[in-house]
Amino acid sequence: MTDRESLLDRFVRYARIDTQSAEGSTSYPSTAKQRDLLGSLVGDLRAAGLEDVAMDEWGYVMATVPSNIPADHPAHGAVPTIGLLAHVDTYFDVPGANVKPTVHRDYDGGDLALPGDASVVIRAADEPALGSCRGMTIITSDGTTLLGADDKAGVAEIVEAVWRWKEDPLRLHGPVRVAFTPDEEVGRGTEHFDIGRFAADVAYTVDGSGVGEIEDETFSADSARVTVTGLDVHPGYAKDRMVNAVRVLSDLLMALPQHRTPEATDRREGYLHPVSITGNVSQAAAQLLVRSFTEDELRQLERLLTDAASWAERKYRGASVKVEVKPSYRNMREAISRRPEVVEYAEEAVRRAGYVPRRGSVRGGTDGSRLSERGLLTPNLFSGGMNFHSRKEWVPLEWMGAAVETILHLAEVWVEKSRDQGSGIRDRGSGIGDQRR
Ligand SMILES: [Zn+2]
């Protein structure tokens, strides 16, 4: 089997396994079925000759690819340990069981009809990126489910890369740690992730989208809770006495700038997003998400909220309004900018794989934003998949192949740079090695 066909075969096999995560679940992983794929990955990594292959009590699978740098090579012992991560779970809100991967060979540039549901058509006119995929092999679902290229493309690419290392000892790499994780889609992917045990110096999630993309920036996120305390009295005798918390809170939320919501913002604009509301006349509360790429704007958005709270207290005599803000995760950009080489080497790897690197920002968080905050710098590499969280997901096999090549080149770039710079590279930068142990 050629490399391409074995990558296709592997991806299709993973895509067929139902690994949907569940919001609101209190167990970990959020669904037990994620262990089906995690367990079979343990076998696949052992077959590829990795060491220390293990699944822990939470379901995290970790393994080591030992360095293959010869003892007389100038970079021997000097290359930092690179981590590669991908998540096995699929999005909770689109059907993810009985996925039937559908392979469209020699794509002709037209619309992609999906065999399981005539109403689901991937239209070339809606997908500018499809234009560059003529002649490629495109994989979709049959239209009744998502495909799960998010992130089984990343999983398959990492496993394929470790096979290539096994089969071609001339492709040099330092020590590499691999991790497959559950529950990324429900925002709990790193909840029990043991950074110390993973023991990588820097890491990359392979969970991005179009070919060549490298994401080194995410939102900074807080959550806010606004609680209004009013005064309930019998409505028949309420004149000049009742303070209705329901009305105060509604008024307060509508007084927030309506152009700073998710519906009204894009690119680099942050937002205030009320996501739930509960209450009665005596007390009402709203939960909001606060999102921005900068700490300044985050504070500014939170000030809008506290200003609205004071305004409501002045307008409604007797009402008291409390605003509580909790930090959630932080933009990885700041941490990563202290070690620019982590992203620069990835850009070089994309170029060597034959594509143009493009830096992007995620209007959300990734497992990498949480890991970067905890000291393990983790930008996001493309996996090749498009239209994530949709029954119209598609991924070109050639882009998946480019992701495998990018991983292989990335390890080689780290070897070359470590050779050029001597072993000092290990001690420079964030000092995560020290924090960890
Ligand atoms: Zn993902």
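The structure presented is a predicted model; accordingly, all values stated were derived computationally and were not measured.

**Some words on the sheet that holds strand 4 (residues 102-104)**
- Ordered in space as 4-7-17, the three strands form an open sheet in which the pairing is antiparallel. Looking at the sheet topology across the chains shown, the edges are occupied by strand 4 and strand 17 (394-396). Direction aside, neighbouring strands of the sheet carry axes that sit 25° apart on average.
- Examined bridge by bridge, strand 4 and strand 7 (residues 138-140) share three bridges and lie antiparallel to one another. The residue bridging T102 from the neighbouring strand is T140, located in strand 7.
- Sitting on the sheet, helix 10 (residues 397-421) touches strand 7 and strand 17, and the angle it makes with strand 17 is about 65°.

**Observations regarding the side chain of T31**
- Of note, T31 is situated in the loop between helix 1 (3-15) and helix 2 (34-47).
- For T31, a relative accessible area of 14% corresponds to the buried category.
- Setting aside chain neighbours within four positions, we find T31 in contact with Q20, S21 and A22.

**Side note on the pairing of strand 3 (residues 82-87)**
- Of all the six residues making up strand 3, six are buried; the element is thus mostly covered by neighbouring parts of the structure.
- Residues I82, L84 and A86 point to one face of strand 3 and G83, L85 and H87 to the other, with burial holding for every one of them.
- Where strand 3 meets strand 8 (residues 176-181), six bridges bridge the pair, whose relative direction is parallel. Of the residues in strand 8, the one forming a bridge with G83 is R177.

**Observations regarding the coordination of the zinc ion**
- Every protein donor of the zinc ion is accounted for by H87 (NE2), D150 (OD), D207 (OD) and D207 (OD), and the metal-donor separations fall at 1.9 to 2.7 Å.
- Around the zinc ion sit four donor atoms, and with donor-metal-donor angles ranging over 52 to 148° the site reads as irregular.
- Along the chain, the residues donating to the zinc ion are arranged with the sequence spacing H-x62-D-x56-D. Note that H87 is positioned in strand 3 and D207 in strand 9 (residues 202-208), a separation of 120 residues in sequence. No difference in accessibility class separates H87 from D207, as the two residues are buried.

Reading the values: rules and limits
- Residues numbered from 1 in each chain as written.
- Predicted model: local features only at pLDDT ≥ 70, side-chain atom pairs only at ≥ 80, totals over all residues.
- Heavy atoms only, no water.
- Pairing = 2+ DSSP bridges.
- Helix = DSSP H or I, 4+ residues; strand = E, 2+ residues; numbered from the N terminus.
- Axes fitted to C-alpha atoms, helices over the stretch in contact; angles between N-to-C directions.
- Contact = heavy atoms within 4.5 Å.
- Buried < 20%, exposed > 50% of the residue type's maximum accessible area, 1.4 Å probe, protein only.
- Donors = N, O, S within 2.8 Å, 3.2 Å for Na, K, Ca; no water.
- Tetrahedral: all angles 85-135°; square planar, octahedral: opposite > 155°, others 65-115°.

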